[in-house]
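A look at the structure
One-letter residues, chain by chain:
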Amino acid sequence: MAVPSATVPEVDYTDASPKGSIDAGIRDLIDGINDKYDGLVTTSSCGGRPIGWQAQHIVHDWATVFGMQSSEQAVAYEPSCSRLIHFKFEPMILHILTASCAHAQLVLQAALAAGFRESGAVLGSEATPVVGIRSMGLFFQSLIGVEQEGERVCIVSSPYLNMVMKLANDRFVENARRIARFQEGLRKVFSTKARGKWEDPELRRTRKREAGLKKKAELRGENQTVCTDTTKLEN
């Protein structure tokens with residue numbers, strides 16, 4: 001199982017996602033999964049992102065960065081003509097199609113050990129589980145503003161916004177740590193000693209069928225021999 005497009009140079013790569021490409025922070029992870037491990041192929045991914053975060057340097061007025069005006073007065077919220085503005089941090093989410101339940105178990109083992117505790121597998125109709133790698137414990141969302149009549153107004157204080165940005169930075173770093181641990185965990189569980197020899201499901205079915213036919217023929221031959229010997233004794 002492989003994804004040829006995953007090996008295309010980054011400048012030439014495109015996919016059907018809204019972004020149109022793999023997030024830079026997990027490019028090595030995605031390429032490694034698709035190129036190094038038989039029986040695994042990635043189907044969708046997000047490297048983790050703070051939505052609304054537009055800078056990584058020190059900012060004294062985050063409201064301006066987010067295109068909002070600061071307001072010291074209370075803002076009246078009218079559901080019919082207002083839109084709430086949230087700041088969100090989303091950790092990495094990755095989906096991996098696996099060739100068998102055994103492969104899925106190894107991926108889950110690496111994911112859980114790396115801290116992606118909400119990971120799980122869904123078994124399809126063809127016994128090829130899809131493993132979802134996720135860690136929702138790092139996710140957070142905070143209401144920071146409101147938009148009315150095309151005007152965006154910040155409804156929280158500057159110290160509060162600074163705290164939210166620091167929290168996002170900290171979780172972004174932790175997200176990167178977990179990705180690195182997962183990458184190393186995959187390498188360990190899919191080592192030759194850990195995984196043994198992988199066999200293509202179709203080849204395995206063919207081998208099992210041929211072995212069954214051979215066994216059936218051997219039993220038929222033994223039965224014929226018994227019948228022949230019995231006939232000789234009767235004569």
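Residues numbered from 1 in each chain as written. Predicted model: local features only at pLDDT ≥ 70, side-chain atom pairs only at ≥ 80, totals over all residues. Heavy atoms only, no water.

Under the heading Catalytic activity (unreviewed entry), UniProt records this for the chain: "4-demethyl-7-[(3S)-3-amino-3-carboxypropyl]wyosine(37) in tRNA(Phe) + S-adenosyl-L-methionine = 7-[(3S)-3-amino-3-carboxypropyl]wyosine(37) in tRNA(Phe) + S-adenosyl-L-homocysteine + H(+)". (UniProt positions renumbered as here; feature names shortened; annotations may be inferred.)

Scanning all chains against the criterion turns up eight salt bridges. Between R27 and D31 there is a salt bridge; the shortest N-O distance is 3.2 Å. On the criterion of helical spacing, the pair formed by R27 and D31 is a turn pair, its members being four residues apart in helix α1 (residues 27-36). Each member of the pair R27 and D31 is classed as buried. Close ionic contact of R181 with E174 constitutes a salt bridge, the shortest N to O distance being 3.5 Å. Taken together, the shared-partner salt bridges connect E174, R177, R178 and R181 into one network. (Salt bridge = Lys/Arg side-chain N within 4 Å of Asp/Glu carboxyl O. Helix = DSSP H or I, 4+ residues; strand = E, 2+ residues; numbered from the N terminus. Buried < 20%, exposed > 50% of the residue type's maximum accessible area, 1.4 Å probe, protein only.)

Evaluation of the coordinates by the stated rule reveals four aromatic pairs. Between the aromatic rings of Y37 and F190, the centroid separation amounts to 5.3 Å while the plane-to-plane angle is 40 degrees, which identifies the pairing as tilted. On the criterion of sequence distance, the pair formed by Y37 in the loop between α1 and β1 (40-46) and F190 in the loop between α4 (158-189) and α5 (192-195) is long-range, its members being 153 residues apart. An angle of 75 degrees between the planes, with centres 6.1 Å apart, marks the rings of F89 and F172 as edge-to-face. (Phe/Tyr/Trp six-rings, centres within 6.5 Å; stacked < 30°, edge-to-face > 60°.)

It is worth spelling out a nonpolar patch on the surface at this point. Together, L84, L143 and I155 make up an exposed nonpolar region whose accessible area comes to about 230 Å². Here L143 is to be found in strand β8 (residues 140-148). (Patch = residues over 30% accessible without salt bridge, like charges linked within 9 Å, V, L, I, M, F, W, Y side chains within 5 Å. Areas by Shrake-Rupley, 256 points an atom, 1.4 Å probe, with all protein chains shown as cover.)

Spatially, β1-β5-β7-β6 is the arrangement adopted by the four strands of the open sheet, whose pairing is antiparallel. Two strands in the sheet have a free side with no partner beyond their single neighbour: β1 and β6 (120-122). If you compare each strand with its neighbour and ignore which way they point, the axes differ by 20 degrees on average. By the bridge criterion, three bridges tie β6 to strand β7 (residues 130-133) in an arrangement that is antiparallel. The residue of β7 that forms the bridge with G120 is G132. Lying on the sheet, helix α3 (residues 101-114) is in contact with β1, β5 (93-98), β6 and β7; it crosses β7 at an angle near 5 degrees. (Pairing = 2+ DSSP bridges. Axes fitted to C-alpha atoms, helices over the stretch in contact; angles between N-to-C directions. Contact = heavy atoms within 4.5 Å.)

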